[in-house]
Amino acid sequence: MNINCNKPNAHKATMDACLITSLIVLIGISRCYALLDVSGIDPKFSAPIANVTVPVGREGVMTCTVHDLYKYKVAWLRVDTQTILTIETLVITKSERIAITHTEQRIWQLRIKDIRESDKGWYMCQINTDPMKSQMGYLDVVVPPDILDYPTSQDMVVLEGTNVTLTCAATGVPEPTVNWKREGDKSITSVEDSGITSHDGAMLHIYHIQRHNAGSYHCIASNGVPPTVSKRIIVTVNFQPIVRLPTRQYYAELGGRVTLECHSEAQPNSINYWMKGKGEIILQGGTYDSTLEDHVFKVTMRITIRLEKATDYGVYKCVAKNSLGTTEESVRVYRKTSKTKQVENQVIQQSNYLGSTTFLKNYTDNKINEILLTASAASSSCGAHGPFGWLVVGIDEPPEEGIPEPSRVSAKANRKPYDDRPKIAHSSAGMIQQLQRRVQTLKIDTGGMGLDAGSSAELPKIRK
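Quick caveat: nothing in here was measured; it's all calculated off a predicted structure. (Residues numbered from 1 in each chain as written. Predicted model: local features only at pLDDT ≥ 70, side-chain atom pairs only at ≥ 80, totals over all residues. Heavy atoms only, no water.)

Moving on, we come to the side chain of Lys231. Within the secondary structure, Lys231 is located in strand β18 (residues 229-244). Among buried charged residues, Lys231 stands out as having no salt bridge; its nearest opposite-charge side chain is Asp149, 4.2 Å away. Residues contacting Lys231, with those up to four places away along its chain left out, are Ile147, Asp149, Thr152, Ser153, Gln154, Tyr217, His218 and Cys219. (Helix = DSSP H or I, 4+ residues; strand = E, 2+ residues; numbered from the N terminus. Buried < 20%, exposed > 50% of the residue type's maximum accessible area, 1.4 Å probe, protein only. Lys, Arg positive; Asp, Glu negative; His and termini not counted. Salt bridge = Lys/Arg side-chain N within 4 Å of Asp/Glu carboxyl O. Contact = heavy atoms within 4.5 Å.)

What follows is the structure, given as structure tokens:
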């Protein structure tokens, strides 16, 4: 009758039969040894049993090397449970994970498949001499790291400025170490450019978390047993919208167009729109390009304004609003004239032997409040050169709205002096006095300009 002692869930009677059979075998072997003449034969171990470290789930092999075994037998036992596992080539234990192999009756290997943590411990190799010879080896079982779903932190949403703690619960044998990192090697603290890009420990504390701390955090567990494992935790930081402007001033001509632009960031997502003046919402037109970057909603707002009337100039507001508040920034559109338009600001026409000379002052974006007139004085008498006169025409147009006031500009007269006429006063005070006297005494030569003879031109006030 064949008895299968390795069959799982064997009947109790079958297991008892296996034990009885094992005892009979051992008794028979002992009697055989007693009958044999084994005097002078002394089997011994050729080498100690090496300790073995095996990852869980793999196969563990314990090796026992024997010399001069002759007719003696080798057995494997589990020390802590005092369990006989194998005798020679016979497997005594009921576990199908246990097997025995040998090479030329010298190398005896105990093989344990699908290693479990419970298999860790001391194992003994015995030779049934009298007295018995034995040696032991240790089987260590290591377990790759694993991250537990609880109490490891899950994805979270927090308010900017609060304190946040991330937890990573890892198990394994030996106990794993935990390291925290962010995607892109970004700072792992509330200081954006701190240079601290990693943290060791099961808990990561972020004090007064800021919007730049939003994103993915990786909890990495390792213990030297492959594979290393990690878990990603996404942190979303909610904050009131912020608005940034490329520029706050725009200039355009009447009848033209201007494109306004602003950028907003918010979490959660914001509602964006433009306003005119103090509260008029612009409902039509405009583009709103929204992107999600590092768990922050970023919007680029652009709108084109047609400047058809004067009221189209003024203040425009870029507004971003979410559940945490409203933020707005203002830009101003100013009116300007064409760059090619020339404004005649001052004409000084001189006759007599000096000939006719015209001075033009050109300005577009500049505001000129005061004009300093300079001229050279000719002969005070009619003399041989004959009479001469001055024509002074002043044009003082107000500048377009919003044009910044420039520095004062003075016009100078460039004439070649003649030896037979008075010299020009070179100091500003002397020049002013000469002009004030001349404008009262000299008559205006109309020269066909449409002014009555005898009329006088009023000299603008001059700042000294």
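In this section: the pattern of salt bridges. According to the stated counting rule, one finds 14 salt bridges in the structure shown. Between Glu183 and Arg232 there is a salt bridge; the shortest N-O distance is 3.8 Å. Linking Glu183 in the loop between β14 (177-182) and β15 (198-200) with Arg232 in strand β18, this pair joins segments that are 49 residues apart in sequence. Given a relative accessible area of 40%, Glu183 falls into the partly exposed group. Across the pair Asp312 and Lys309 runs a salt bridge, and its minimum N-O distance is 3.4 Å. The exposure class assigned to Asp312 is buried, which follows from its relative accessible area of 12%. Judged by relative accessible area, which is 47%, Lys309 ranks as partly exposed. Three or more residues are tied together by salt bridges with common partners; here these are Glu261, Asp289 and Arg302.

The next thing to look at is the side chain of Asp312. The residue Asp312 is located in the loop between β24 (296-306) and β25 (314-322) in this model. In terms of polar contacts, Asp312 uses its side chain to reach the backbone amide nitrogen of Glu308, at 2.8 Å. Apart from residues lying up to four places away in sequence, Asp312 is in contact with Lys276, Ile305, Arg306 and Leu307. (Polar contact = N/O pair within 3.5 Å; in protein donor to acceptor, adjacent residues only side chain to side chain.)

What follows covers the pairing of strand β17 (residues 215-222). Two elements, β14 and β17, share six bridges in a ladder whose sense is antiparallel. By the bridge assignment, Thr177 is partnered in β17 with Ser222. Sheet topology note: the β17/β18 ladder contains seven bridges and is antiparallel. Bridge pairing in β18 links Ala221 to Val229. (Pairing = 2+ DSSP bridges.)

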